[in-house]
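# Structural description and commentary
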Amino acid sequence: MKIKQSIRKQVVEKLKHLTNEQYIKQSAQIAQHLFDSRCWKKAQLIAITIPRDQEVDTYEIIKMGWKQNKIIAVPRADFKTKTMTFYELTSFDKLEESAFRVKEPKESLCRTISKEEIGLVIVPGVAFDKRGYRLGYGGGFYDRFLPQIKVPTIALAFTCQLVKEVPIDIHDWKIDHIISPMGFYR
Ligand SMILES: Nc1ncnc2c1ncn2[C@@H]1O[C@H](COP(=O)(O)OP(=O)(O)OP(=O)(O)O)[C@@H](O)[C@H]1O
Ligand SMILES: [Mg+2]
């Protein structure tokens, strides 16, 4: 647990050093690799999160999804049950800032999406390794959610988020693909 926290801290610190130009350019490169992928092209409904701080920009990805008539689903986290419910996002106006500065869909304005509707999951995280293991923000939300679905999972990562080996526990769940500015890392 301690090792996880220290790697989280190290990577978050490195992310802070990305310049604005690097952030924009590298996010665009990552997005382009995603748009070119079979997973993206095939999926009609994409589960994704809104970036916080220096996470890869997903606003442009969501806009492209809308443009291509895909359905975009964004989760709300329930900290009591440590579970997530996904809602269809049709406009950024339907977001609200909830716990830990995370932007989530307003329940009253957005349709609930069932797990079975999801065709692709873009999984957030702090650090990733070549095996597909990831270090999230420490809530275990995605580690609980991912075993319940059988569709492709992709993480988007700046180069400094790719680490040699993420320390893993028994509950940690692998992701299928990792996209970096250079292309598919896995
Ligand atoms: N499938 C699970 N069932 C029960 N508890 C779990 C499960 N997955 C994770 N947890 C618990 O959640 C806590 C956080 O896990 P971990 O440190 O791996 O989070 P994380 O991978 O960074 O978070 P996230 O998945 O939200 O990105 C751990 O204490 C772990 O025991
Ligand atoms: Mg984990």
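Look up: the structure comes first, before these words.
Residues numbered from 1 in each chain as written. Chains lettered and ligands numbered in written order. Predicted model: local features only at pLDDT ≥ 70, side-chain atom pairs only at ≥ 80, totals over all residues. Heavy atoms only, no water.

### Some words on the coordination of the magnesium ion (ligand 2)
We count it as follows: Sites may look incomplete, because water is not among the atoms used; the donor set itself consists of N, O and S atoms within 2.8 Å of the metal (3.2 Å for Na, K and Ca). Numbered from the N terminus, helices here are DSSP runs of H or I no shorter than four residues, and strands are runs of E no shorter than two. Burial status follows relative accessibility: with a 1.4 Å probe on protein chains alone, a residue under 20% of its type maximum counts as buried, one over 50% as exposed, and anything between as partly exposed.
Binding of the magnesium ion (ligand 2) to the protein goes through Asp143 (OD) and Asp172 (OD), at separations of 1.9 to 2.0 Å. Of this pair, Asp143 sits in helix α5 (residues 141-145) while Asp172 sits in the loop between β10 (153-156) and β11 (177-180); the two residues are 29 residues apart in sequence, bridging distant segments of the chain. Look at Asp143 and you get buried, because its relative accessible area is 12%. Residue classification places Asp172 among the buried positions, given a relative accessible area of 8%.

### Some remarks on the environment of Lys94
Within the element layout of this structure, Lys94 appears in the loop between β3 (83-88) and β4 (95-97). Relative accessible area serves as the criterion here: at 26%, Lys94 is assigned to the partly exposed category. Between the C-alpha atoms of Lys94 and Cys110, which are 16 residues apart in sequence, the distance is 7.5 Å.

### Thoughts on helix α1 (residues 2-16)
Each turn of an α-helix holds 3.6 residues, which means side chains three or four residues apart point in the same direction. Quick reminder of the rule: In a helix, the anticipated span is given by 1.5 Å times the number of residues less one. Arc, as used here, means the arc of the directions from the helix axis to the C-beta atoms. The contact criterion used throughout is that any non-hydrogen atoms of two residues lie within 4.5 Å.
For α1, built from 15 residues, the straight-helix expectation of 21 Å at 1.5 Å per residue is met to within 8% by its first-to-last C-alpha distance of 21 Å. Among the residues of α1, those classed as buried are Lys4, Ile7, Arg8, Val11 and Leu15. Along α1, the residues classed as buried sweep out an arc of 105° about the axis, all on the same side. Exposed side chains of α1 directed beyond 90 degrees from the buried face belong to Lys2, Lys9 and Lys16. Those residues of α1 that are buried lie in contact with β8 (127-128) and β9 (134-135).

### Some thoughts on the pattern of salt bridges
What counts is decided by this rule: Salt bridges are identified by distance alone: a Lys or Arg side-chain nitrogen within 4 Å of an Asp or Glu carboxyl oxygen.
Evaluated as defined, the whole model comprises 11 salt bridges. Across the pair Lys4 and Asp172 runs a salt bridge, and its minimum N-O distance is 2.7 Å. Taken together, the residues span a long stretch of sequence, with Lys4 in helix α1 and Asp172 in the loop between β10 and β11 at a distance of 168 residues. This pair shows no difference in class: Lys4 is buried, exactly as Asp172 is. Each of Lys4, Asp169 and Asp172 takes part in one network of salt bridges that share partners.

### A closer look at the pairing of β11
The following threshold applies: Strands are labelled as partners when DSSP assigns at least two bridges between them.
Note: β10 against β11, 3 bridges, orientation parallel. Looking across to β11, one finds that Leu156 is bridged to Ile179. Across 2 bridges, the pairing between β11 and strand β12 (residues 183-184) is antiparallel. Paired with Ile179 across the two strands is Phe184, which belongs to β12. Where β11 folds back on β12, the antiparallel hairpin that results is connected by 2 residues.

### Description of the site of ligand 1
Rules: A single heavy atom is enough: if one lies within 4 Å of a molecule or strand, its residue is considered near that molecule or strand. The definition of a polar contact used here is a pair of N or O atoms within 3.5 Å, where within protein one atom must be able to donate a hydrogen and the other to accept one, and adjacent residues in sequence count solely through side-chain atom pairs. Exposure was quantified through the Shrake-Rupley algorithm and a 1.4 Å probe, taking into account, for residues, occlusion by the shown protein chains and nothing else. As a working rule, the residues Ala, Val, Leu, Ile, Met, Phe, Trp, Tyr, Cys and Pro are called nonpolar, Asp, Glu, Lys and Arg charged, and the rest polar, with Gly in that last group.
Within the structure, ligand 1 sits among 14 residues, and Arg8, Arg134, Gly138, Phe141 and Asp143 are positioned closest to it. With respect to ligand 1, the backbone of Phe141 contributes an N or O atom lying 2.7 Å from an oxygen atom. Calculation on ligand 1 without its partners gives an accessible area of 650 Å², and the protein chains cover 73% of this total. Secondary-structure elements contributing two or more residues to the shell around ligand 1 are α1 and α5. For the shell around ligand 1, the element with the most residues is α5, which contributes 4 residues. Of the residues that constitute the shell around ligand 1, the class distribution is 3 nonpolar, 5 polar and 6 charged.

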